[in-house]
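# Inside the fold
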Amino acid sequence: MIGNFSQCMRWLLAHEGGYVDHPEDPGGETNLGVTRKVYENFCMAHDFVVKDMKELTPEDVTPIYKKNYWDEIRGNDLPSGLDWSVFDWAVNSGPGRSARCLQNIVNARADGDIGPMTLAAIAQFDAANLIDNMHSRRQKFYEKLKTFEHFGAGWTRRNDETKEQAHSLVLRFS
């Protein structure tokens, strides 16, 4: 419920790193965690000039993360710490997947759209427990992916760091 977007963006960009074009990554060419397709679609929708992927800056990608992920998962309406947990997984695997997981945990209709009913259900739970449950389910999801062999160590590290950072936000604002 506290505006954690700026802090979450700092952590997210540390997780995402810089330019990559790994042959095993189905997302293809990526910079600061944003794929070429997502970047170009965002630029076209908002009448922005498309830059070379290697030249993207945090200022270029922050509006994408805000609109396509943070706002989609209602980050400003989630409890502190849980916002980061849901946001980071939304970026990594899609807002719908992250939202549906959270909805399943709180016994809300798992439609991938966090609305008033989901928020009311979330309010009945302890944020720290929700973070732990998100972490566990995210890890199980990763371990089932065929690319876990190539990316599993990094995903596991990221998931563990996200859990730790999310708990730090719970403690900071409790």
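Higher on the page you've got the structure.
Residues numbered from 1 in each chain as written. Predicted model: local features only at pLDDT ≥ 70, side-chain atom pairs only at ≥ 80, totals over all residues. Heavy atoms only, no water.

## Section: the packing of aromatic side chains
Scanning the model with the defined rule gives 12 aromatic pairs in all. Look at W84 and F87: their rings are 6.2 Å apart centre to centre, the planes differ by 50 degrees, and that puts the pair in the tilted class. On the criterion of helical spacing, the pair formed by W84 and F87 is a turn pair, its members being three residues apart in helix α4 (residues 82-93). Exposure remark for W84: the relative accessible area of 0% places this residue in the buried category. Ring geometry for Y142 and W155: centres 5.1 Å apart, planes at 20 degrees, overall stacked. (Phe/Tyr/Trp six-rings, centres within 6.5 Å; stacked < 30°, edge-to-face > 60°. Helix = DSSP H or I, 4+ residues; strand = E, 2+ residues; numbered from the N terminus. Buried < 20%, exposed > 50% of the residue type's maximum accessible area, 1.4 Å probe, protein only.)

## Considering unusual backbone geometry
Even without a glycine there, the phi angle at D47 is positive, about 60 degrees. Positionally, D47 belongs in the loop between α2 (36-45) and α3 (58-70). With a phi angle near 55 degrees, R74 is a residue other than glycine that sits in the positive phi range. Mapped onto the secondary structure, R74 falls in the loop between α3 and α4. With relative accessibility at 27%, the residue R74 sits in the partly exposed group.

## With respect to the nonpolar core
Formed by 47 residues in total, the largest nonpolar core has its most connected members in Y65, F87 and L102. A per-element tally of this core places α4 first, with seven residues. Here L102 is in contact with L78, L82, V86, I114, I122 and M134, once residues within four sequence places are set aside. (Core = buried A, V, L, I, M, F, W, Y, C linked by side-chain atoms within 4.5 Å. Contact = heavy atoms within 4.5 Å.)

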